[in-house]
Amino acid sequence: MGAGERGRSTYGRWCLEHPDQATVVAVADTDPDRRAALAADHALPDSQAFGDWRELLARTAETDAVVIATPDREHAAPAIAALARGHDVILEKPIAPTQDEVRAVGEAAARSTGRVTVAHVLRYTPFFSAVKRALDEGLIGELVTIEHAERIGYWHFAHSFVRGNWRREADASPMILAKACHDLDLLRWLAGDRCTAVASFGGLHHFRPEQAPPRALDRCTDGSVRCPAAASCPFDAVRLYVERTSELTGWPVSVITSDPTPVGRLRALATGPYGRCVYRSDNDVADHQVVALEFANGVHATLTVNGLTADNTRQVHIHGTRGELRGRLDTGEIEVRRFLPGAGVTSAGPWDRDEYGRQAVRDDERIVLDAAPVPADGHGGGDAGLMADVVGRLRARRDGVAGADDVARTSLAVSIDSHVMAFAAEQSRHERRVVELSP
Ligand SMILES: NC(=O)c1ccc[n+]([C@@H]2O[C@H](COP(=O)([O-])OP(=O)(O)OC[C@H]3O[C@@H](n4cnc5c(N)ncnc54)[C@H](O)[C@@H]3O)[C@@H](O)[C@H]2O)c1
């Protein structure tokens, strides 16, 4: 359900690339063009392409799983209905934008034989898998603190959270939920326990009318005239979507227009939302937020989410009683430094090579996984990892393999924890107080 960027270009594409693993049998999308495009990709007959997900559920009983990749506010109802029919569900994050709906999805799952996997794709990346393994193997001793940063990238933030679908809380979700439920989920996973208290600050600092350069127009271009502030504005849409991305036809260009020619792009910028001045859009979500978290096992963590960064990546710096670990998702580099001279590296095998097959440089106290590019698209390998995991478990269960689901990387209950942490961060930010979380 939902044949957009995620439904068609991520999950649909994975099925096309792995025809022996999964087959798409039906699609529902309210947009006839998107519905038709996905149906054409998978050679679906008209009878299997629906404008309403209710029809799809009513007429498509023989499915192993339903993918819900509709907009944020259209997640809970189809998820609950799919669970009522006993389907397994791959549910795009966020589970839902409100606590009540998140709870309702949890209750529907408890009543169903179907299982829900929330698309917290970063858990499936080789990078975060290696970070988690380092902690589990005790390479840095007992875990004490985690500093985690989500650096969204100035152009990515402007695309999605100023001009795009996630710019308004009432239409989508608070930024900390929409963008950083992944990071809160990672923190809960790495910390290894539930969160007990949250404090947060942040807000919308930059993308406001009073920050507009003098003489800036309401649009970067109207097709013939270019905004006089363009040369000094990093958010100039013509530079971002036409000049700097001329070779690109996929995301984010595919979001602004289905016609990627220069003329098609300029037409979209002259009339559509992605040509709007970033200072005069109707956005209201925070462009930066910091969160401090306490976990039941005594681990303390900070999360900084920032839309004003040069790069688009995640960084972690984790401290334990015997060492520290520093890593960066886009380069894949992980460095472990241990405190005790001559302690050596206790971990065997896996640290000789990392998940990308790169040789690790190591001495007595230090392991550095050689920096090298990791898959740039597909969330650092996370999208494919999630699909392989879910489909593998579905197939194992169908083949009668005992305990097929015991190896799941995460559960709905734990995904709900990350959402509760996000709602608490919002409450803390608005009420300016520490929010305690009960079990
Ligand atoms: N896991 C991740 O890392 C990740 C990354 C990006 C987006 N997302 C999430 O995935 C979801 C989809 O995002 P996207 O970028 O693909 O958006 P999109 O706008 O490209 O696609 C959404 C599709 O849903 C369709 N749709 C809208 N209402 C519908 C309804 N009631 N029934 C059926 N179809 C409907 C739209 O026509 C559109 O084709 C969002 O909730 C988003 O937050 C997750």
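Notes on the structure follow. Every value quoted in this text rests on a predicted model; they were computed, and no experiment measured them. Along each chain, numbering runs from 1 in the same order as the chain's sequence is written. Residue-level local features of this predicted model are given only where pLDDT is at least 70; pairs of side-chain atoms are given and counted only at 80 or more, and the full residue set underlies all totals for whole chains, interfaces and linings. Excluding hydrogens and water, the side-chain figures rest on all heavy atoms present in the structure.

### Describing the overall build of the chain
Reasoning step 1: Helix numbers and strand numbers start at the N terminus; a helix is a DSSP run of H or I with at least 4 residues, a strand a run of E with at least 2. Regarding its fold elements, the chain presents 14 helices and 15 strands.
Reasoning step 2: With the radius of gyration taken over C-alpha atoms, the globule rule is written as 2.2 Å times the number of residues to the power 0.38. Computed over its C-alpha atoms, the radius of gyration of the chain comes to 23 Å, within 12% of the 22 Å expected for a compact globule of 439 residues.
Reasoning step 3: With the C-alpha coordinates of the chain rotated into their principal frame, the extents come out at 65 × 55 × 45 Å.
Reasoning step 4: Should any heavy atoms of two residues lie within 4.5 Å, those residues are considered in contact. Summarising the internal contacts of the chain: among those between residues at least 6 apart in sequence, 70% fall at separations of at least 24.
Reasoning step 5: For the chain, the accessible area works out to roughly 19400 Å², and carbon and sulfur atoms hold 51% of it. Areas reported as accessible are Shrake-Rupley estimates using a 1.4 Å probe. Residue values count occlusion only from the protein chains shown.

### Structural notes on the sheet that holds strand β4 (residues 88–91)
Reasoning step 1: Following DSSP output, two strands are said to pair if at least two bridges run between them. Spatially, the 3 strands line up as an open sheet ordered β3-β4-β5, and their pairing is parallel. Both edges of this open sheet fall to β3 (65–68) and β5 (116–118), since each of them pairs with a single strand only. If you compare each strand with its neighbour and ignore which way they point, the axes differ by 15 degrees on average.
Reasoning step 2: Sheet topology note: the β4/β5 ladder contains 3 bridges and is parallel. Along β5, the bridge assignment pairs V89 with V116. Lines fitted to C-alpha atoms define the axes here, with helix axes fitted over just the stretch in contact, and angles between the N-to-C directions of these axes take values from 0 to 180 degrees.

### Observations concerning helix α7 (residues 154–162)
Reasoning step 1: Throughout this description, buried means an accessible area under 20% of the type-specific maximum (1.4 Å probe, protein chains only), exposed means over 50%, and partly exposed covers the range between. Burial within α7 is extensive, with 8 of its 9 residues counted as buried.
Reasoning step 2: Regarding α7, the residues found buried are Y154, H156, F157, A158, H159, S160, F161 and V162.
Reasoning step 3: Buried residues along α7 sit in contact with α8 (175–178), α10 (237–243) and α11 (253–256).

### Some points on the site of the ligand
Reasoning step 1: Note on definitions. A residue lies near a molecule or strand when any single heavy atom of the residue is within 4 Å of it. Every one of the 25 residues lining the ligand counts as a neighbour, but R6, D29, R34, D72 and H75 are closest to it.
Reasoning step 2: Side-chain atoms alone can form a polar contact between residues adjacent in sequence; in general such a contact is a pair of N or O atoms within 3.5 Å, and within protein one must be able to donate a hydrogen while the other accepts it. Backbone polar atom of E5 to an oxygen atom of the ligand: 2.9 Å apart, as the coordinates give it.
Reasoning step 3: The contact in question runs from an oxygen atom of the ligand to an N or O atom on the backbone of R6, over 2.8 Å.
Reasoning step 4: In the complex, 86% of the free accessible area of the ligand, which totals 860 Å², lies under the protein chains.
Reasoning step 5: Along the lines of polarity and charge, the residues of the shell around the ligand split into 8 nonpolar, 8 polar and 9 charged. All amino acids are sorted into three groups, where Ala, Val, Leu, Ile, Met, Phe, Trp, Tyr, Cys and Pro are nonpolar, Asp, Glu, Lys and Arg are charged, and the leftover types, Gly among them, are polar.

### As for the layout of surface pockets
Reasoning step 1: Only protein atoms enter the 1 Å grid used here. Points where a 1.4 Å probe fits but cannot escape make up a cavity, open sets with protein on both sides within 12 Å along at least five of seven lines make up a pocket, and a residue lines them when an atom lies within 4 Å of a point. Grid points are joined across faces, edges and corners, and a volume is the space filled by probe spheres set on the points. Its volume calculated, the second largest pocket comes out at about 680 Å³.
Reasoning step 2: C15, T23, V24, V25 and A65 are the residues nearest the centre of the second largest pocket, which is lined by 33 residues in total.
Reasoning step 3: Secondary-structure elements contributing two or more residues to the lining of the second largest pocket are α1 (5–17), β1 (27–28), β3 and α13 (382–398).
Reasoning step 4: Among the elements that take part in the lining of the second largest pocket, α13 stands out by supplying 6 residues, more than any other.
Reasoning step 5: In the lining of the second largest pocket, the residues fall into 21 nonpolar, 7 polar and 5 charged.

### What about the packing of α1 against helix α2 (residues 32–41)?
Reasoning step 1: As a packed pair, α1 and α2 sit with axes 11 Å apart at the nearest point and diverge in direction by 5 degrees. On the basis of the axis angle, α1 is roughly parallel to α2. For the pair α1 and α2, the contacting residues are E5, G7, R8 and L16 in the first and R34, A37, L38 and D41 in the second.
Reasoning step 2: The residue inventory of the contact of α1 with α2, partitioned by class, reads 3 nonpolar, 1 polar and 4 charged. Relative orientations are named as follows: roughly parallel for angles under 35 degrees, roughly antiparallel for angles over 145 degrees, roughly perpendicular for angles from 65 to 115 degrees, and oblique for any other angle.

### Some words on empty space enclosed by the protein
One way to see where empty space is left: roll a probe the size of a water molecule over the atoms.
Reasoning step 1: Counted under the stated rule, the structure contains 2 cavities of 30 Å³ or more.
Reasoning step 2: As a volume, the largest cavity reaches approximately 90 Å³.
Reasoning step 3: Considering the residues around the largest cavity, the lining is formed by 15 residues, among which A216, C220, C227, C233 and C277 are closest to the centre.
Reasoning step 4: The space that makes up the second largest cavity amounts to roughly 60 Å³.
Reasoning step 5: Lining the second largest cavity, in full, are A65, D88, V89, I90, R115, T117, V390, R393, L394, R397 and D405.
Reasoning step 6: When residues of the lining of the second largest cavity are assigned to their parent elements, the largest contribution, 4 residues, is made by α13.

### Quick look at the nonpolar core
Reasoning step 1: Core analysis: the largest hydrophobic core is formed by 86 residues, its most contacted members being I146, I176, L293, F295, I318 and L325.
Reasoning step 2: Look past the residues within four positions of I146 in its chain and what remains in contact with it is L187, L190, A191, V299, H300, A301, T302, H317 and I318.
Reasoning step 3: Here, the term nonpolar core denotes a set of buried Ala, Val, Leu, Ile, Met, Phe, Trp, Tyr and Cys residues that are joined through side-chain atoms within 4.5 Å. Counting 19 residues, the second largest nonpolar core, distinct from the first, contains V27, A119, V391 and L394.

### Some words on the pairing of β3
Reasoning step 1: Only one face of β3 is covered, namely the one carrying V66 and I68; the face carrying A65 and V67 has none of its residues buried.
Reasoning step 2: By convention, a crossover is right-handed whenever its connection, traced from the first strand over the helix to the second and viewed with the strands pointing away, goes clockwise. Running through helix α4 (residues 76–84), the crossover from β3 to the neighbouring parallel element β4 is right-handed.

### Topic: unusual backbone geometry
Reasoning step 1: With an omega of -10 degrees, the peptide bond running from K93 to P94 counts as cis.
Reasoning step 2: Inspection of the secondary structure assignment puts P94 in the loop between β4 and α5 (99–111).
Reasoning step 3: P252 follows W251 through a cis peptide bond whose omega is 5 degrees.
Reasoning step 4: With respect to the secondary-structure elements, P252 resides in the loop between α10 and α11.
Reasoning step 5: Even without glycine at this site, A43 takes up a positive phi of about 50 degrees.
Reasoning step 6: Turning to its location among the elements, A43 is positioned in the loop between α2 and β2 (49–50).

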